[in-house]
Amino acid sequence: MRLDLSRFLSSDIERYDFEGELALNDTNLDIDDLRIIFPIKYNGSIYDLTGELVLELNISYDFIANCDRCLVEFKNHREANYKAYNFKDSSFYDEDSIDEYFEVVNDSIDLSEIIISLVVTSLPGKNLCKEDCKGLCPVCGKNLNEGECDCEVEEETEVEEKVDPRFEKLLDLFKDEEV
Ligand SMILES: [Zn+2]
Ligand SMILES: [Zn+2]
């Protein structure tokens, strides 16, 4: 989806506000693994600073994630924002800040590409179903958010010590002597 700026660019208006919903991923970026729930809501504005354009964009979206502690699948929400520039004189353009540059082609910008890229870079590295998620019991695997399990707190002492089979016979001999 491209955002048409032709009326804005040919007018004396200094600021153009826009908002909407991106209904699907119509870019070449592969985000199938990210489990994004469309539509992605967006709003933003483009303003003219003596010939140079500034783009400000806010997005909000939902996605499916698995909790890092209890593994339960849940719907997560995220908001992100973005600011970028378009310089008519390309000598102002600094290669090092390529992320902050947006292209105007045929008086329009590729809004989908910008939105989807922002989704990819704004996804959290860690997902918790809730702040105080209790996670899973390391012994029985029960989801402790649903209640306590019957496992002993000191489960480590219950683990049987593995005896080297070569010593097992010796131990048996000692046992016989003790009897
Ligand atoms: Zn959880
Ligand atoms: Zn347990």
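Higher on the page you've got the structure.
Everything quoted here is computed from the prediction, not taken from an experiment.

Parameters and conventions
- Residues numbered from 1 in each chain as written.
- Chains lettered and ligands numbered in written order.
- Predicted model: local features only at pLDDT ≥ 70, side-chain atom pairs only at ≥ 80, totals over all residues.
- Heavy atoms only, no water.
- Pairing = 2+ DSSP bridges.
- Helix = DSSP H or I, 4+ residues; strand = E, 2+ residues; numbered from the N terminus.
- Donors = N, O, S within 2.8 Å, 3.2 Å for Na, K, Ca; no water.
- Tetrahedral: all angles 85-135°; square planar, octahedral: opposite > 155°, others 65-115°.
- Phe/Tyr/Trp six-rings, centres within 6.5 Å; stacked < 30°, edge-to-face > 60°.
- Buried < 20%, exposed > 50% of the residue type's maximum accessible area, 1.4 Å probe, protein only.
- Expected span 1.5 Å × (residues − 1).
- Contact = heavy atoms within 4.5 Å.

*Asks:* Where do I start with the pairing of strand β4 (residues 52–66) in this structure?
*Replies:* Note on strand geometry: in a regular strand, side chains alternate between the two faces of the sheet. As paired elements, strand β3 (residues 36–49) and β4 share 11 bridges and run antiparallel to each other. Directly across from Y47, in β4, lies its bridge partner V54. Here β4 pairs with strand β5 (residues 73–86) via 14 bridges, running antiparallel. Each bridged residue has a counterpart across the sheet, and for F63 the counterpart in β5 is N76. Hairpin geometry of β4 and β5 is characterised by an intervening segment of six residues between the two adjacent antiparallel strands and by a positive phi of about 70 degrees at L71.

*Asks:* Hey, could you run me through the coordination of the zinc ion (ligand 2) in this one?
*Replies:* Around a metal, the ideal angle is 109.5 degrees if four donors adopt a tetrahedral arrangement and 90 or 180 degrees if six donors adopt an octahedral arrangement. Summarising the metal site, the zinc ion (ligand 2) is bound by the protein donors C137 (SG), C140 (SG), C149 (SG) and C151 (SG), whose distances to it range over 2.3 Å. Each of the four donor atoms around the zinc ion (ligand 2) contributes to a set of angles spanning 105 to 113 degrees, which defines the coordination as tetrahedral.

*Asks:* Can you help me understand the packing of aromatic side chains in this one?
*Replies:* Between two aromatic rings, the relevant description is the distance of the centres plus the angle of the planes. The tally for this structure, following the rule as stated, stands at five aromatic pairs. For the ring pair Y16 and F18, a centre distance of 6.1 Å and an interplane angle of 40 degrees mean the geometry is tilted. Using a relative accessible area of 8% as the deciding quantity, one classes F18 as buried. With centroids separated by 6.0 Å and ring planes inclined at 0 degrees, the aromatic side chains of Y85 and F87 adopt a geometry described as stacked. Given a relative accessible area of 27%, Y85 falls into the partly exposed group. When its relative accessible area of 22% is taken as the criterion, F87 is described as partly exposed.

*Asks:* Would you mind going over the coordination of the zinc ion (ligand 1) with me for this structure?
*Replies:* Protein ligation of the zinc ion (ligand 1) involves C67 (SG), C70 (SG), C129 (SG) and C133 (SG), the donor distances falling in the range 2.3 Å. Coordination at the zinc ion (ligand 1) comes from four donor atoms whose angles at the metal span 108 to 113 degrees, giving a geometry best classed as tetrahedral. Here the donor residues of the zinc ion (ligand 1) share one chain and are spaced in sequence as C-x2-C-x58-C-x3-C. With C67 in the loop between β4 and β5 and C129 in the loop between α2 (111–122) and α3 (165–178), the pair connects residues that are 62 residues apart, well separated along the chain.

*Asks:* Explain α2 here, please?
*Replies:* Residues lying three or four places apart along an α-helix face the same way, a consequence of the helix completing one turn every 3.6 residues. Counted at 1.5 Å a residue, the expected span for α2 with its 12 residues is 16 Å, and the 16 Å between its end C-alpha atoms agrees. Listed as buried for α2 are L111, S112, I114, I115, I116, L118, V119 and S122. Close packing links the buried residues of α2 with β1 (2–4), β2 (15–22), β3, β4, β5 and β6 (108–110).

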